[in-house]
Number of protein chains: 4
Amino acid sequence: MDGPDYKGLIFLVTRVLFEHGMNISRNDEYVSPSGYFFMRTEFEGEADPDVLLSALYRELPQGIRLRMNPKKKKQIVLMVTKEHHCLGELLLRYAYNELDADILAVISNYQVLAPLVAKFDIPFHHVPVDPKDKTPAFDEVTRLVNEQQADCIVLARYMQILPASLCEEYAGRVINIHHSFLPSFVGARPYHQAATRGVKLIGATCHYVTEELDAGPIIEQDVVRISHRDNVEDMVRLGKDVEKMVLSRGLRYHLEDRVVVHDNKTVVFA
Amino acid sequence: MDGPDYKGLIFLVTRVLFEHGMNISRNDEYVSPSGYFFMRTEFEGEADPDVLLSALYRELPQGIRLRMNPKKKKQIVLMVTKEHHCLGELLLRYAYNELDADILAVISNYQVLAPLVAKFDIPFHHVPVDPKDKTPAFDEVTRLVNEQQADCIVLARYMQILPASLCEEYAGRVINIHHSFLPSFVGARPYHQAATRGVKLIGATCHYVTEELDAGPIIEQDVVRISHRDNVEDMVRLGKDVEKMVLSRGLRYHLEDRVVVHDNKTVVFA
Amino acid sequence: MDGPDYKGLIFLVTRVLFEHGMNISRNDEYVSPSGYFFMRTEFEGEADPDVLLSALYRELPQGIRLRMNPKKKKQIVLMVTKEHHCLGELLLRYAYNELDADILAVISNYQVLAPLVAKFDIPFHHVPVDPKDKTPAFDEVTRLVNEQQADCIVLARYMQILPASLCEEYAGRVINIHHSFLPSFVGARPYHQAATRGVKLIGATCHYVTEELDAGPIIEQDVVRISHRDNVEDMVRLGKDVEKMVLSRGLRYHLEDRVVVHDNKTVVFA
Amino acid sequence: MDGPDYKGLIFLVTRVLFEHGMNISRNDEYVSPSGYFFMRTEFEGEADPDVLLSALYRELPQGIRLRMNPKKKKQIVLMVTKEHHCLGELLLRYAYNELDADILAVISNYQVLAPLVAKFDIPFHHVPVDPKDKTPAFDEVTRLVNEQQADCIVLARYMQILPASLCEEYAGRVINIHHSFLPSFVGARPYHQAATRGVKLIGATCHYVTEELDAGPIIEQDVVRISHRDNVEDMVRLGKDVEKMVLSRGLRYHLEDRVVVHDNKTVVFA
């Protein structure tokens, strides 16, 4: 839940849960400097979610937004281009029940990763993008994603900018991994930009996709130390490991409903 | 507060606070795998702490332990031997109101750091320790600490083992910085031990002192990367920076009442 | 090369290389505090390696040990038990030419990872170990490894102690990943040990296997921060990511001939 | 030394040193992808530096730049505004011989840090900067620095932009600490910028000052993890620790002649 802060919010919520016989196993709350309240409560017990929600809305002041997420695997679609490392990482986690989601399909603008996807018995859809007219491709992507009834789209190094309509439809549910420590090196070839600037750490950023390129709410970031010895190829190699770890962590936070977006920033109850 | 977990604990506490007009600014809770409950609540409002405590104890099941800490600077005594880095760090933070405590005095078994302490106008007590009979020295240390009515003793690289009686009297209030990543390299000359073993990271550990050497509850740890090039002198140099940072962070958690000790481990609501 | 330090060693080596028309692309040297000299030189050019070696040995003082490693992929055998994460990581790197080695075979004391290995078309050998008499199993392992003419054995979470004879035969060529920050938590169930001790960071160690358990020369280590919230299952999950990264890095150093062992420690020209 | 790469450079240099009876204690070299050669050689022995330099220049191809730095403490001037943490860190290191330099003087546009400097018996010069006409102030700064015959100027959180003339005169010898992970958050109030963008790590950058703001060659960087809980004040607090550590490390590299600048980037033989 999130909304403007009022005195007694935690008390009101926990009373309703207590009166309905729920047991709270974990409770996290945060009040921002501007007086905005965020709370995430994990609880167990036998109760009709709709009854609980109604009871909560009755008790709480107006303006509070509630979401009730049953413990249920999200259905995701992966989008990739040619790089295997993020895809491979997610496929392995999926195969060994380390991803709290079902991977419904992989969509790519190239064929190159089809054999890897095939190893894990997941449908692969090749949707080439014509640089002169991207509309047909993105219509097909939209159709595929909607057909799958996906909860979430993961851009695991998909080197195309999604159309605004899809971003909007799946607002807060499209996750991207960018291969730089944002806001440094927005856009194309960030490792080349990093090499030119001579930075001593390179990084990766997992964020929600919004219309503005690489400017959406950041979920997770990390860096790795480099030295003058590391040329662009070394950065690419070292960066891959950071990218896949950052994407895995950020995605896990999302899949476990630990992320609340507010004011283009995230509250992550990790 | 901490104690065995019961259904409704958060509700019961927040109800009492709400009924007394308190406003919760931050609430953290944790239930251990063994079913032990920990909660730390920051709240504001006009109320008699004793009245609040009584009301809470009336509501809560038996076995729950409550502590009410008013927002008030703790009074601390530092103990050092010859190394300046942890002492200097704490003195600077103190001088610029970055330490949530008053430094009442510095006690040392050597004179060497007296000039540094003098720069910051803090009393310095030289209590040499006779290796053949340490009792008189520790009697004097105990007397000094008690005289100061210190809330907390910080061993900022004090290279003597405190007597059991003092550890017991100040249980949970004596903080040490050990210059290794415990439990590796307990005891003397940990950097020499690290050099002999050929580790690739060295570290520091801030922990509560208990009777058993370097075995008390760990509050904070950190490491720094080294390579074969770093000999013992380099480790000492690099380690100093980690030691003072780890001590500063661990001490801050303690001074802000963020640490709960249970079962020789710490819950740190950082 | 490594050996006792003498004045002029770099000069002598570079002169021989220069006189044979070699071009040095990278040169690293290190002199230990005890006066032991290490140097690693990457060079290019047309020359008979044996002629070069003879010329170098003629020039250099006695006691210097030279190794000439042509740029050639090493042949490795992986050994695993039931955990997939290190194996999966190495298989993916291998499949995409990111491992400077050929994986000849995977040997396991269980069947559970056979399907994963099959995805990558690598021979899988199931050699169960009878806890009452391990000799037949290890005889079979030795036979398999020798048959493959492996340059290197990688224990990618193989939960058995290799027999001394195999360790000796492959001294300096058996690499293990241990799931703790050694020398802390040697032996079995290190994450349980870490949970009991209440450490704030957990780690992994890649090291050469010697007869003494978890005591061989350390190639690479890393850690990840945990909090009181992370129980043993969380540590296992977080630790997996560290383990596979540390093994990948350590193995890369070995495969690229960047590691020199001396005095049970490593010099790593990373 | 640095310059275009030629076959035999290491050989030529080490031959000259060998023929003059020098003993190399450490040698580092690097060839950039564009074929530029860098080498740093530590050696000991009795020889006239000028004779050595002449001999080296005679042997080496044209275009190679040599610098011979005797092991001698550099003379530095610190410039600060109101923040004590970087200044205090350097003063403490200086007081305990952990800074390979003499601090000649501290210059500030405010009086606030005078008492801290006085504790360490170092001259403090208050040179207020009139925002309407900065010229007189910077003339005075230039006069003071020149009078001191400083080897190096350290901007330890000096919140003014140095005039181009001074930057040019001391090119490669003015070191700044910027409180962000450059190139993110150039200019004023980087922690506010970081809070607005919602990054998950904040950092600091030690770099040589050039005419373009915060765009000079980077010597050292580091980051610290933050969460949504950390508001701007928390970032400032956490950032201070990173800033002083990054400045200390970067400055050490400079003072020990480990840094070579080329193409607006640094080679750091750490």
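Structure: see above.
Presented here is a report on the structure given in the accompanying data block. A quick note: this is a predicted structure, and the numbers were derived from the prediction, not measured.

**Overview of the side chain of Arg-197 of chain C**
Here Arg-197 of chain C lies in helix α7 (residues 190–197). Buried charge Arg-197 of chain C goes without a salt bridge, the closest partner of opposite sign being Asp-214 of chain B at 7.6 Å. Reaching out from Arg-197 of chain C, the side chain makes a polar contact with the backbone oxygen of Gly-216 of chain B at a distance of 3.0 Å. Sequence-distant contacts of Arg-197 of chain C, defined by excluding residues within four places in its chain, comprise Pro-183, Asp-214, Ala-215, Gly-216, Ile-218, Asn-264 and Lys-265 of chain B together with Phe-185 of chain C.

**A word on unusual backbone geometry**
Cis geometry marks the peptide bond from Leu-182 of chain A to Pro-183 of chain A; its omega dihedral reads 10 degrees. Tracing the sequence through the fold places Pro-183 of chain A in the loop between β8 (174–178) and α7 (190–197). Notably, Asn-264 of chain A is not glycine yet its phi reads approximately 60 degrees, a positive angle. Relative to the helices and strands, Asn-264 of chain A resides in the loop between β11 (259–262) and β12 (265–268). When its relative accessible area of 33% is taken as the criterion, Asn-264 of chain A is described as partly exposed. Even without being glycine, Arg-189 of chain C reaches a positive phi, approximately 50 degrees. Of note, Arg-189 of chain C is situated in the loop between β8 (174–178) and α7. What makes Arg-189 of chain C exposed here is its relative accessible area of 54%.

**Quick word on the interface of chain A and chain D**
With 35 residues of chain A in contact, the opposing surface of chain D contributes 35 residues. Carbon and sulfur atoms supply 52% of the area that chain A and chain D bury against each other, a total of about 2900 Å² over both sides. The largest contributions to the chain A side of the interface with chain D come from Arg-197, Lys-200 and His-228 of chain A, which together make up 24% of the buried area. Summed over the shared surface of chain A and chain D, the result is four salt bridges. In this structure, the salt-bridge partner of Arg-225 of chain D is Glu-220 of chain A, at a minimum N-O distance of 3.2 Å. Remark: the boundary between chain A and chain D carries 23 residue pairs in polar contact (both at pLDDT 80 or more). Listed by contribution, the elements that provide at least two residues to the side of chain A that touches chain D are β2 (23–31), α7, β10 (218–225) and β12 of chain A. Looking at which element gives the most residues to the side of chain A that touches chain D, the answer is β10 of chain A, with seven residues.

**Some details on the sheet that holds strand β10 (residues 218–225) of chain D**
Residues and elements named next belong to chain D. The sheet built from seven strands is open, its strands ordered β6-β5-β4-β7-β8-β9-β10 with mixed pairing. Sheet topology places β6 (124–126) and β10 at the edges, where each strand pairs with a single neighbour. Strand-to-strand twist of the sheet, defined as the mean angle between neighbouring strand axes without regard to direction, takes the value 20 degrees.

**With respect to the pattern of salt bridges**
Scanning the model with the defined rule gives 104 salt bridges over all chains in all. Measuring nitrogen to oxygen at the nearest pair gives 3.9 Å for the salt bridge that ties Arg-258 of chain B to Glu-42 of chain B. In this pair, Arg-258 of chain B sits in the loop between α8 (232–255) and β11 (259–262) while Glu-42 of chain B sits in strand β3 (residues 36–44), placing the two residues 216 residues apart along the sequence. Residue class for Arg-258 of chain B comes out buried when judged on its relative accessible area of 11%. A residue is classified by how much of its surface remains accessible, and Glu-42 of chain B, at 24% relative accessible area, is partly exposed. Note that Glu-256 of chain C is salt-bridged to Arg-252 of chain C, the shortest N-O span being 3.2 Å. By relative accessible area, which is 23% here, Glu-256 of chain C ends up partly exposed. Judged by relative accessible area, Arg-252 of chain C falls into the partly exposed class, the value being 22%. Each member of the salt-bridge network shares a partner with another, and the members are Glu-89, Arg-93, Asp-241 and Lys-244 of chain A together with Glu-89, Arg-93, Asp-241 and Lys-244 of chain C.

**A closer look at the environment of Gln-221 of chain D**
Along the polypeptide, Gln-221 of chain D turns up in strand β10. With sequence-adjacent residues up to four places away left out, Gln-221 of chain D is seen in contact with Val-199, Lys-200, Leu-201 and Arg-225 of chain A together with Phe-181, Leu-182, Ala-204, Thr-205, Val-246 and Arg-249 of chain D. For Gln-221 of chain D, the side chain forms a polar contact with the side chain of Thr-205 of chain D, separated by 3.0 Å.

**Comments concerning helix α8 (residues 232–255) of chain C**
Residues and elements named next belong to chain C. With 24 residues, α8 ought to run about 34 Å at 1.5 Å a step, and its terminal C-alpha atoms sit 33 Å apart, in line with that. If you look at α8, its biggest bend is around 25 degrees, right at Gly-239. Along α8, 19 of the 24 residues are buried, which leaves the element largely enclosed by surrounding structure. Two to three positions downstream of the cap, the backbone nitrogen of Glu-233 sits 3.1 Å from a side-chain oxygen, assigning the N-cap of α8 to Asn-231. Just past α8, the residue Asp-257 takes up positive phi, approximately 55 degrees.

**Some thoughts on the nonpolar core**
Of all hydrophobic cores here, the largest spans 70 residues; its most connected members are Ile-76, Leu-87 and Leu-247 of chain B together with Ile-76, Leu-87 and Leu-247 of chain D. The residues contacting Leu-247 of chain D, other than those within four sequence positions of it, are Cys-86, Leu-90, Val-154, Ala-156, Ile-175, Ile-177 and Cys-206 of chain D. Counting residues in each nonpolar core, the second largest holds 68 residues, with Val-106 and Leu-247 of chain A together with Leu-87 and Ile-122 of chain C among its members.

**Focus: the relation of the copies chain A and chain B**
What relates the pair of chain copies is a rotation about an axis plus a shift along that axis. In screw terms, the move from chain A to chain B is a rotation of 180 degrees and a rise of 0.0 Å along the axis, fitting with an RMSD of 0.0 Å. Between the two chains, the operation in question is that of a two-fold axis. Scanning chain A for the C-alpha nearest the rotation axis identifies Phe-11 of chain A, at a separation of 2.9 Å. Of the residues that chain A buries at the interface, 100% are likewise interface residues in chain B, meaning the two copies contact each other through the same surface.

**Description of the packing of helix α3 (residues 85–95) of chain A against helix α8 (residues 232–255) of chain A**
Residue and element names in this part refer to chain A. Between α3 and α8, the shortest axis-to-axis distance is 9 Å and the interhelical angle comes to 45 degrees. Taken together, α3 and α8 sit at an angle that is classed as oblique. The chirality of how α3 crosses α8 is right-handed. Contacts between α3 and α8 involve His-85, Cys-86, Glu-89, Leu-90 and Arg-93 on the former and, on the latter, Lys-240, Glu-243, Lys-244, Met-245, Leu-247, Ser-248 and Leu-251. In terms of residue class, the contact of α3 with α8 is built from five nonpolar, two polar and five charged.

Quick notes on the rules
Residues numbered from 1 in each chain as written. Chains lettered and ligands numbered in written order. Predicted model: local features only at pLDDT ≥ 70, side-chain atom pairs only at ≥ 80, totals over all residues. Heavy atoms only, no water. Helix = DSSP H or I, 4+ residues; strand = E, 2+ residues; numbered from the N terminus. Buried < 20%, exposed > 50% of the residue type's maximum accessible area, 1.4 Å probe, protein only. Lys, Arg positive; Asp, Glu negative; His and termini not counted. Salt bridge = Lys/Arg side-chain N within 4 Å of Asp/Glu carboxyl O. Polar contact = N/O pair within 3.5 Å; in protein donor to acceptor, adjacent residues only side chain to side chain. Contact = heavy atoms within 4.5 Å. Buried area = accessible area lost by both parts, 1.4 Å probe. Pairing = 2+ DSSP bridges. Axes fitted to C-alpha atoms, helices over the stretch in contact; angles between N-to-C directions. Expected span 1.5 Å × (residues − 1). Bend = angle between axes of the 7 residues up to and from the residue. Core = buried A, V, L, I, M, F, W, Y, C linked by side-chain atoms within 4.5 Å. Least-squares fit on C-alpha atoms with pLDDT ≥ 70 in both. Parallel < 35°, antiparallel > 145°, perpendicular 65-115°, else oblique. Left-handed = near helix turned anticlockwise from the far one by under 90°. Nonpolar A, V, L, I, M, F, W, Y, C, P; charged D, E, K, R; others polar.

By themselves, these are just geometric observations and shouldn't be taken as functional.
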